[in-house]
Amino acid sequence: MDLAALPYPMWAPLLFLIVAAAYSAVGIGGGSSYTALMAILGFNILAIPLVSLTLNLCVTTVSAFTFIRARHARPRLILPILAGSIPAAYVGGSLTLPPLLFEWILLASLLLVAARIYLWRGATPELRVGARARVALAVGAGAVLGLVAGIVGIGGGVYLVPLILFLGLGTEREAAACGAVFVWLNSASGLTARLQQPSLDPL
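Source: prediction; values computed, not measured.

1. Details of the overall build of the protein
Thinking step 1. For the protein, the helix and strand inventory stands at eight helices and zero strands.
Thinking step 2. Order of helices (α) and strands (β) in the protein, N terminus to C terminus: α-α-α-α-α-α-α-α.
Thinking step 3. Across the 203 residues that make up the protein, the buried fraction comes to 42%.
Thinking step 4. A separation of at least 24 residues holds for 81% of the contacts in the protein among residues at least 6 apart in sequence.
Thinking step 5. When the accessible surface of the protein is totalled, it reaches about 10,700 Å², and 71% of it is carbon and sulfur.

2. Comments concerning the packing of helix H3 (residues 47-69) against helix H8 (residues 172-195)
Thinking step 1. The geometry of H3 relative to H8 is characterised by a closest axis approach of 8 Å and an angle of 145 degrees between their N-to-C directions. In this structure, H3 meets H8 at a crossing whose hand is left-handed.
Thinking step 2. Grouping the amino acids of the contact of H3 with H8 by side-chain chemistry returns 16 nonpolar, seven polar and two charged.

3. Some details on the nonpolar core
Thinking step 1. Ile81, Leu160, Ile164, Leu169, Cys178 and Phe182 are the most contacted members of the largest nonpolar core, which totals 23 residues.
Thinking step 2. Where this core is concerned, the elements lending two or more residues are H3, helix H4 (75-94), helix H6 (131-152), helix H7 (157-166) and H8.
Thinking step 3. The biggest single contributor to this core is H8, with eight residues.
Thinking step 4. When near neighbours in sequence (up to four residues on either side) are disregarded, Ile164 contacts Leu77, Ile81, Leu169, Gly170, Ala175 and Cys178.
Thinking step 5. Phe16, Val19, Phe43 and Val152 belong to the second largest nonpolar core, which has 16 residues in total.

4. Describing the confidence of the model for the protein
Thinking step 1. Averaged over every residue, the pLDDT of the protein is 77; residues scoring 70 or more account for 83%.
Thinking step 2. No element of the protein has a lower mean pLDDT than helix H5 (residues 99-118), at 74, and none a higher one than H4, at 87.
Thinking step 3. Contacts from residues 1-5, a stretch scored under 50 in pLDDT, to residues over four places away or in other chains number two contacts.

5. Some remarks on the side chain of Ser85
Thinking step 1. As for its placement among the helices and strands, Ser85 is situated in helix H4.
Thinking step 2. Residue classification places Ser85 among the buried positions, given a relative accessible area of 0%.
Thinking step 3. With sequence-adjacent residues up to four places away left out, Ser85 is seen in contact with Gly142, Ala143, Gly146, Phe182 and Asn186.

6. Description of the environment of Gln196
Thinking step 1. Locating Gln196 in the fold gives a position in the segment after H8.
Thinking step 2. Take Gln196: its relative accessible area is 48%, and that puts it in the partly exposed class.

7. As for the environment of Leu160
Thinking step 1. Relative to the assigned elements, Leu160 resides in helix H7.
Thinking step 2. Put simply, Leu160 and Ala176 are 16 residues apart on the chain and 8.8 Å apart in space, counted from C-alpha to C-alpha.
Thinking step 3. The contacts of Leu160, once residues within four sequence positions are left out, are Ile81, Leu145, Cys178, Gly179 and Phe182.

8. Some details on the side chain of Glu174
Thinking step 1. Along the chain, the position of Glu174 falls in helix H8.
Thinking step 2. A polar side-chain atom of Glu174 sits 2.9 Å from the main-chain amide nitrogen of Thr171.
Thinking step 3. Setting aside its immediate chain neighbours within four residues, Glu174 contacts His72, Arg74 and Leu77.

Rules and cut-offs
Throughout this description, residue numbers start from 1 for each chain and increase along the sequence as written. Where totals are concerned, whole chains, interfaces and linings use all residues; where local detail is concerned, this predicted model gives features only for residues with pLDDT of at least 70, and gives and counts side-chain atom pairs only at 80 or more. To get the side-chain values, all heavy atoms of the structure are used, and hydrogens and water are removed first. Numbering of helices and strands runs from the N terminus, with a helix taken as a DSSP run of H or I at least four residues long and a strand as a DSSP run of E at least two residues long. Relative accessible area decides the class of each residue, using a 1.4 Å probe on protein chains only: under 20% of the type maximum gives buried, over 50% gives exposed, and in between gives partly exposed. In what follows, residue pairs with any heavy atoms lying within 4.5 Å of each other are defined as contacts. Areas reported here follow the Shrake-Rupley algorithm with a probe of radius 1.4 Å; residue values treat only the protein chains shown as occluding. To get an axis, a line is fitted to the C-alpha atoms, and for a helix only the part in contact is used. The angle between two axes follows their N-to-C directions and goes from 0 to 180 degrees. Note on convention: near helix rotated counterclockwise from far helix by under a right angle means a left-handed crossing. Clockwise means right-handed. For this classification, the nonpolar set comprises Ala, Val, Leu, Ile, Met, Phe, Trp, Tyr, Cys and Pro, the charged set comprises Asp, Glu, Lys and Arg, and every other residue, Gly included, is treated as polar. For our purposes a nonpolar core is just a set of buried Ala, Val, Leu, Ile, Met, Phe, Trp, Tyr and Cys residues, chained together by side-chain atoms within 4.5 Å. As a per-residue measure, pLDDT tells how confident the predictor is, with possible values from 0 to 100. Distance and chemistry together define a polar contact, namely a pair of N or O atoms within 3.5 Å, with one atom able to donate a hydrogen and the other to accept it when in protein, and with adjacent residues in sequence counting only for side-chain atoms on both sides.

Take a look at the structure:
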């Protein structure tokens, strides 16, 4: 094996391992960090969502199982979100976008993640709307986040958890549980779509 021919530095796997360990502790896949790292390291744009979705799937497997076993993942909370996100993630994973458009979507999603982490912190206000409006918002938000997950490999947990609290749909533990299950299923859906592409060559 020619190590010099690798499309990434030798230390990159260790960096990914550290990021995965950090995110697994809070039940989020870490797709935003993987995607940002691969963009900085110059990965092929076809490889970025493929690798990120795979890592999301691996990292959230244990956390999703743990939350479900502890009964924090309420079906009535997560099902409306998944109803919009799973098919949208599959559609996003099926898309083959021009490189420039992919890069703009990637940049926008990473900027939103940075804004969420550094600008929107502290207490999350609760949006007081009716039950039907909350369900509609949950389905719509799930669809948007699922589409982004399928396209660029960002699981969306960093957006979804505060959104659940903002809509007043669940507690912090329930939101974290929903985020873990959400990222796992979206990643599986988006990854399935990408692996079905007949001419996939991410190298």
